[in-house]
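An overview of the molecular structure
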Amino acid sequence: MDDAEIERLFDKFAEPKQILFLSADLVGSTALKQKKRKVSELNVHHPDTQEWASTIQFFFSNFSMCLDQHWSVRADEINKLRNGKLVETRLGSKPILWKMIGDELVYRKHVRNRHQVKETIDIWIKSILQLYGNFRDKLGNPEISIKCTAWIGEFPIQNKISLGAQLSGQPGSLEEGCGARLKALQDFESKPVGSGLEIDFIGPAIDIGFRLTKKATPRKFILSIDTIFLYVLSEMSGKLKKTPSSRDAKIYFDGAEALPGVLGGLPYPLFWIDMIDPTTSEARSDSFRDIKPIDNPQEILEFFDAFYKEQKSYIDIPYITTDESVSTMTINERPAWYEEEKKKLRKDMLGESGLAAKPENSGGDH
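This text gives an overview of the structure that appears in the document. Model, not experiment: these values are computed from the prediction.

With that settled, consider the overall build of the protein chain. From N to C terminus, the protein chain includes 11 helices and 11 strands. Burial statistics for the protein chain: of 366 residues in total, 47% are counted as buried. Within the protein chain, counting contacts between residues at least 6 apart in sequence, those at least 24 apart form 76% of the total. Per element, the accessible surface of the protein chain, about 18700 Å² overall, is 51% carbon and sulfur.

Turning our attention to the side chain of N62. Assignment of secondary structure puts N62 in helix α3 (residues 49–81). Once residues lying within four places of it in the same chain are set aside, the contact partners of N62 are L131, N134 and K138.

Counting across every chain of the model gives 29 aromatic pairs. An angle of 10° between the planes, with centres 4.2 Å apart, marks the rings of Y252 and W272 as stacked. Residue Y252 is found in strand β10 (residues 251–258), and its partner W272 is found in strand β11 (residues 267–274); the two are separated by 20 residues along the sequence. Side by side, Y252 and W272 carry an identical accessibility label, which is buried. Ring geometry for Y319 versus Y338: centroids 6.3 Å apart, planes at 85°, classification edge-to-face. A residue pair is termed long-range when its members are at least 10 positions apart, and Y319 in the loop between α10 (297–310) and α11 (338–350) and Y338 in helix α11 qualify at 19 residues.

On to the sheet that holds strand β4 (residues 96–101), then. Overall, mixed pairing links the seven strands, which are arranged β4-β5-β1-β6-β9-β11-β10 in an open sheet. Of all strands in the sheet, those with a lone pairing partner are β4 and β10, marking the two edges. For this sheet, the mean inter-axis angle between neighbouring strands, taken without regard to orientation, is 25°. Here strand β9 (residues 220–223) pairs with β11 via four bridges, running antiparallel. The residue bridging L223 from the neighbouring strand is F271, located in β11. Along the sheet, helix α8 (residues 225–235) makes contact with β1 (17–27), β6 (145–155), β9, β10 and β11, crossing β6 at roughly 90°.

Take the nonpolar core next. Ranked by size, the top nonpolar core spans 68 residues in total, and within it I121, W124, I146 and F221 carry the most contacts. At 10 residues, the largest contribution of residues to this core is made by α3. In contact with W124, not counting residues within four places along its chain, are L22, S23, A24, F63, L67, Y107, C148 and F221. The next biggest cluster of nonpolar side chains, apart from the first, holds 28 residues, and it includes I6, L182, Y319 and L345.

In contact at an axis separation of 7 Å, helix α5 (residues 114–139) and α8 are set at 100° when each is read in the N-to-C sense. For the element pair α5 / α8, the angle class is roughly perpendicular. Where α5 abuts α8, its residues R114, H115, V117, K118, I121 and D122 lie against T227, L230, Y231, L233, S234 and E235. In the contact of α5 with α8, the residues fall into five nonpolar, three polar and four charged.

With 26 residues, α5 extends 37 Å between its outermost C-alpha atoms, agreeing within 8% with the 38 Å of an ideal straight helix rising 1.5 Å per residue. Among the 26 residues of α5, 20 are classified as buried, and the element is accordingly described as predominantly covered. Its side-chain oxygen 2.8 Å from the backbone nitrogen of H115, N113 forms the N-cap of α5. G140 sits one or two residues past α5 and shows a positive phi near 60°.

With that settled, consider the pattern of salt bridges. In this structure the tally under the stated criterion is 23 salt bridges. Its salt-bridge partner being E119, residue R90 comes within 3.2 Å of it at the nearest N-O pair. A residue pair is termed long-range when its members are at least 10 positions apart, and R90 in helix α4 (residues 84–90) and E119 in helix α5 qualify at 29 residues. Overall, the relative accessible area of 5% leaves E119 in the buried class. Salt bridges here are not isolated pairs; linked through shared partners, they connect R74, E77, R90 and E119.

Rules used in this analysis
- Counting restarts for each chain, with residues numbered from 1 along the sequence as it is written.
- Totals for whole chains, interfaces and linings use every residue, but because this is a predicted model, local features are given only for residues with pLDDT of at least 70 and side-chain atom pairs only at 80 or more, for both listing and counting.
- Hydrogen atoms and water are omitted, and side-chain values are computed over all heavy atoms in the structure.
- Helix and strand assignments follow DSSP, with helices taken as H or I runs no shorter than four residues and strands as E runs no shorter than two, numbered in order from the N terminus.
- Summary of the burial criterion: residues with accessible area below 20% of their type's maximum are buried, those above 50% are exposed, and those between are partly exposed, where the area comes from a 1.4 Å probe applied to protein chains only.
- Residues are treated as being in contact if the distance between any of their heavy atoms lies within 4.5 Å.
- Only the protein chains shown count as cover for residues, and the accessible areas themselves come from Shrake-Rupley with a 1.4 Å probe.
- Stacked, edge-to-face and tilted labels apply to pairs of Phe, Tyr and Trp rings (six-membered ring for Trp) whose centres lie within 6.5 Å, assigned for plane angles under 30 degrees, over 60, and everything in between, in that order.
- For two strands to count as paired, DSSP must find a minimum of two bridges between them.
- Whenever a helix is involved, its axis is fitted only over the stretch in contact; in every case the axis is a line through C-alpha atoms, and angles between N-to-C directions fall within 0 to 180 degrees.
- Put simply, a nonpolar core is a bunch of buried Ala, Val, Leu, Ile, Met, Phe, Trp, Tyr and Cys residues held in one set by side-chain atoms that sit within 4.5 Å of each other.
- An angle below 35 degrees is read as roughly parallel, one above 145 as roughly antiparallel, one from 65 to 115 as roughly perpendicular, and any other as oblique.
- Just so you know the grouping, Ala, Val, Leu, Ile, Met, Phe, Trp, Tyr, Cys and Pro go in nonpolar, Asp, Glu, Lys and Arg go in charged, and all remaining residues, Gly too, go in polar.
- Given the number of residues in a helix, its expected span is that number minus one, multiplied by 1.5 Å.
- Two N or O atoms form a polar contact when they lie within 3.5 Å of each other; inside protein one atom must be a possible hydrogen donor and the other a possible acceptor, and for residues adjacent in sequence the pair counts only when both atoms belong to side chains.
- Salt bridge, as applied in this entry: a Lys or Arg side-chain nitrogen positioned within 4 Å of an Asp or Glu carboxyl oxygen.

Below, the structure is given as structure tokens:
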């Protein structure tokens, strides 16, 4: 690659990107694996190893089909309301699998507009609910449930992307030389990287996300503060006409709790979306315990307006440079410190002895 190509790749890579992460984790799989052993005709106790293995495999394979189906349905609905351009604005690229961690699936999605956060989460919820039905109808196994978490992080400044060759990869799959990582990470935000390479995401947003997964339950779909902020901001602006698959999520607040290493030990607000059937006894008992959803989404935005100002030493309001300004607040402006941090990123990606430093008067980003 020549210098001009490396510069182009770096400028593209260094553009701020918000990536939404969504986790679906089986609850009850451990108990299923440890079920009481059966007695065979020979009066010998033995485990039913295939039952739990089939259940977990069904979860891994069936969830992606549910997600694809609901994504396509929503895309068709939006297209009929207006056109394909609106589909790109409201949905963008489909979530892709980041990693499998035991019985947990973690997907990622590049978010180019606030509406994509809400649309993706709503589709995710419908996919999970359909999966429950498939567990019952096809496996006859209602014992399994799923807990969900969603969080969002800005890359590549505040959070980082690591890249390496898989142990099973062919030698030389990760090229050497100035700009090699940039070449390998082209379009990483919405596509898997090349064969033989492995990508990982690290940083404060990832740490927060996995801490929040510990707070999730089959009923409580936990959303990070940035995620719930963008979800509600979308809900309060640019609404579409109701369609058959539209849904109104019930948002709850569980107070704030200190999470290890997060916000310097300050309490972290815990918001969640209700995943339970409102006709169940658990949902009906909410009135006994005075558990109520937040009736006015505007109050959530007002809360975050104050929260981001108070906690600016630890956190920035999420910024999506490809999103237009909305009446409630501007979210498409990158922070004042971004250009300074971009210089540090450039040094890391290109190295001291790599491409010469870009002149100060070169015009920066375009």
